[in-house]
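Spelled out, the chains give:
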Amino acid sequence: MNALKGSRGARIFAGIALVSASALVIAGCSSTPAGEKTNDGNKKPAADLTLKLGSLLPSSGSLAFLGPPMYAAVGLATQEINDAKAGITVSMNSQDEGDSDTKAYVTSITTLQNAGVAGIVGAAASGVSKIILDGNVSKGIITISPSNTSPDFTKLAEDGATKGLYFRTAPSDLLQGEVLGNLMSQDGRKSLGIIFQNDPYGTGLRDAIKKTFEESGGKVVATAGFNVGDSQFDAQVETIKAANPDAVAVVSFEQFRTIAPLLVNAGITADHFYMVDGNVSNYGTTGDSAIPVSLEGAQGTRPGPALKDDFTNRLQKYWTGKGNAEIKDFTYAAESYDAVVLMALASLEAQSVKGVDIAKKMQAVSGGVKGGTACTTFAECAKIINDGGKADYNGYSGDITFDKWGDPQGAAIGVFKYGADNMYTRTN
């Protein structure tokens, strides 16, 4: 496989693109102070911790198609943590995020903050997370997103705005943009048109794609933005068509369902499409999720390693057991699961259910501090902590390993290609 060259040397190799870059009301709860030891010399919890968490994830709006795998993962993680009976019980309060247009998050975040949560899994959209972040920080609540990819969050952390209370289990779009830009270059594309949504997610990814593509010798000949909530995209498609590029990158969420047919009707076939994590989905040719044009040959990128069957099977069993339809895509399921596990482990390590205390241990339990013992399940890691050791959780989304800004230091980006059935397969 040809190497993928970019500004930081990101590579597609052996199926994965790798890069290395430099919490509710707490009542009736007593805990052993951190470092206190029992008679056998090991640090042990004197009593069960009760950790109340919330999730702010999309069940409505333009990202609603991502809701099922994320909600399922948060629920499964909570269940498996509680089943482990390792000195901590998690209570999860799940609320709808909506998107920056529907603004369902306005009521939801108030509900979660008033409930006294120590940490929140979400929001899914970078734009929504930026809106809620200041309020969470002022209340000492951890925000850990499974899918925020805007580079803006690293800068916010560097500037001290997050006060160490923001984390994400998905990598920055600086990486995804690099991978996609280099993929187009490897495919021999010389000119590129970009349709993007005008929010932190869309503009960040647009810039990263453009930078890498042009550094690889290509030229971005047209860009056309739209706002979240827009339903008409004829003008954007006309702008791209007029420039006659040999590749079109679509940086969007559910809007892709409308944009793709317009592009095809304009004479741009799907084998020229390059998609991103916000719209890579199994559309199919029949049923409610079907899209009315062929996507055969279209390619796209999405963070995360290939998921193990045992994990996806457990997710399906949990989700359908709640009376829900079977999950079709598992986008950001691993990242959502790991977000819950990491907060629970950090709470156990801190022997506290306060967000600010938990946040101080997030880097340690993810392996960001030397000396930890690698472990891959909550139960295994909790045993290490309860026996007085240091746990290094390596989850379903990867090794994670938070840096001091709350970004995962190691990440994988998968490459996907669509067949005649409008279903994707992982190719890299």
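To be clear, the structure that these remarks concern was listed above.
Described in the following lines is the structure provided in the data block.

The rules we used
Residues numbered from 1 in each chain as written. Predicted model: local features only at pLDDT ≥ 70, side-chain atom pairs only at ≥ 80, totals over all residues. Heavy atoms only, no water. Helix = DSSP H or I, 4+ residues; strand = E, 2+ residues; numbered from the N terminus. Contact = heavy atoms within 4.5 Å. Core = buried A, V, L, I, M, F, W, Y, C linked by side-chain atoms within 4.5 Å. Buried < 20%, exposed > 50% of the residue type's maximum accessible area, 1.4 Å probe, protein only. Pairing = 2+ DSSP bridges. Axes fitted to C-alpha atoms, helices over the stretch in contact; angles between N-to-C directions. Phe/Tyr/Trp six-rings, centres within 6.5 Å; stacked < 30°, edge-to-face > 60°. Lys NZ or Arg CZ within 6 Å of the ring centre and 35° of its normal. Salt bridge = Lys/Arg side-chain N within 4 Å of Asp/Glu carboxyl O. Right-handed = clockwise from strand over helix to strand, strands pointing away. Expected span 1.5 Å × (residues − 1). Arc of directions from axis to C-beta.

### Overview of the environment of proline 305
- As for its position among the elements, proline 305 is in the loop between strand E12 (299-303) and helix H9 (309-320).
- Residues proline 305 and alanine 411, 106 residues apart in the sequence, show an inter-C-alpha distance of 8.2 Å.
- With sequence-adjacent residues up to four places away left out, proline 305 is seen in contact with Tyr396, Ser397, Gly398, Ala412 and Arg426.

### What to know about the environment of asparagine 279
- If you trace the backbone, asparagine 279 turns up in the loop between strand E11 (273-275) and E12.
- For the pair asparagine 279 and glutamine 255, spaced 24 residues apart in the sequence, the C-alpha separation amounts to 8.1 Å.
- Not counting the four nearest positions on each side in its chain, asparagine 279 is found in contact with Phe65, Val250, Val251, Ser252, Phe253, Phe256 and Tyr418.

### Some thoughts on the nonpolar core
- Leu56, Ile144, Leu192, Tyr337, Leu345, Met362 and Phe378 are the most contacted members of the largest nonpolar core, which totals 98 residues.
- At 12 residues, helix H10 (residues 333-350) tops the list of elements feeding residues into this core.
- In this structure isoleucine 144 touches Ile120, Val121, Gly122, Phe167, Arg168, Thr169, Ala339, Met343, Met362 and Phe402, once residues within four positions along its chain are discounted.
- Val237, Phe273, Tyr283 and Tyr424 belong to the second largest nonpolar core, which has 26 residues in total.

### Some remarks on the sheet that holds strand E4 (residues 88-96)
- One open sheet holds the 5 strands; their spatial order is E4-E3-E5-E6-E7, and the pairing between them is parallel. Both edges of this open sheet fall to E4 and strand E7 (166-168), since each of them pairs with a single strand only. With direction set aside, neighbouring strand axes in the sheet form an average angle of 25 degrees.
- Relative to E4, strand E3 (residues 49-57) runs parallel, the two sharing 9 bridges. Following the sheet pairing, threonine 50 is matched in E4 by threonine 89.
- Helix-sheet contacts for helix H3 (residues 126-138) involve E3, strand E5 (119-122), strand E6 (142-145) and E7, and the interaxial angle to E6 is about 160 degrees.
- Against the sheet, helix H11 (residues 355-365) engages E3, E6 and E7, with an angle of about 45 degrees to E6.

### What about the packing of aromatic side chains?
- In total, this model carries 12 aromatic pairs according to the counting rule given.
- Considering the side-chain rings of phenylalanine 167 and phenylalanine 402, the 5.1 Å spacing of their centres and the 55 degrees angle between planes classify their relative orientation as tilted. Note that phenylalanine 167 is positioned in strand E7 and phenylalanine 402 in the loop between strand E14 (391-393) and strand E15 (410-418), a separation of 235 residues in sequence.
- The class for phenylalanine 402 is buried, based on a relative accessible area of 0%.
- Ring geometry for tyrosine 418 against tyrosine 424: centres 6.0 Å apart, planes inclined by 85 degrees, an arrangement best described as edge-to-face.
- We classify tyrosine 418 as buried; its relative accessible area is 3%.
- Given the relative accessible area of 15%, tyrosine 424 is considered buried.
- Ring-pair connections join several aromatic residues into one group, and the members of that group are Phe256, Phe273, Tyr283, Phe416, Tyr418 and Tyr424.
- Above the plane of the ring of phenylalanine 196 lies arginine 206, whose end atom (NZ or CZ) is 4.6 Å from the centre.

### Section: the pattern of salt bridges
- Under the defined criterion, the tally for this structure stands at 11 salt bridges.
- Between arginine 314 and glutamate 80 there is a salt bridge whose closest N-O contact spans 2.8 Å. Placement of arginine 314 in helix H9 and of glutamate 80 in helix H1 (residues 67-84) is noted, with a sequence separation of 234 residues between them.
- With a shortest N-O distance of 2.7 Å, lysine 383 and aspartate 387 are connected by a salt bridge.

### Structural notes on the pairing of E5
- Sheet topology note: the E3/E5 ladder contains 4 bridges and is parallel. When the sheet's bridge partners are listed, glycine 54 is paired in E5 with isoleucine 120.
- Of the strand pairs in this sheet, E5 and E6 are connected by 3 bridges, and their pairing is parallel. Bridging across to E6, valine 121 finds its partner in isoleucine 144.
- Handedness of the crossover is the feature at issue here: the chain leaves E5, passes through H3, returns alongside E6, and the resulting connection is right-handed.

### As for helix H6 (residues 200-215)
- Counted at 1.5 Å a residue, the expected span for H6 with its 16 residues is 22 Å, and the 23 Å between its end C-alpha atoms agrees.
- For H6, the complete set of buried residues consists of Pro200, Tyr201, Gly202, Thr203, Gly204, Leu205, Arg206, Ala208, Ile209, Thr212 and Phe213.
- On its buried face, H6 is in contact with H3, helix H4 (152-158), helix H5 (173-186), strand E8 (191-197), strand E9 (219-226) and strand E10 (247-251).
- Positioned one or two residues after H6, glycine 217 has a phi angle of 105 degrees, which is positive.

### Remarks on H11
- Within H11 the residues assigned to the buried category are Gly355, Ile358, Ala359, Met362 and Val365. Looking straight down H11, one finds that the buried residues subtend no more than 130 degrees of arc, so they occupy a single side.
- Residues of H11 that are buried make contact with E3, E6, E7, H10, helix H12 (378-386) and E14.
- In the segment just after H11, glycine 367 is the residue with positive phi, at about 95 degrees.

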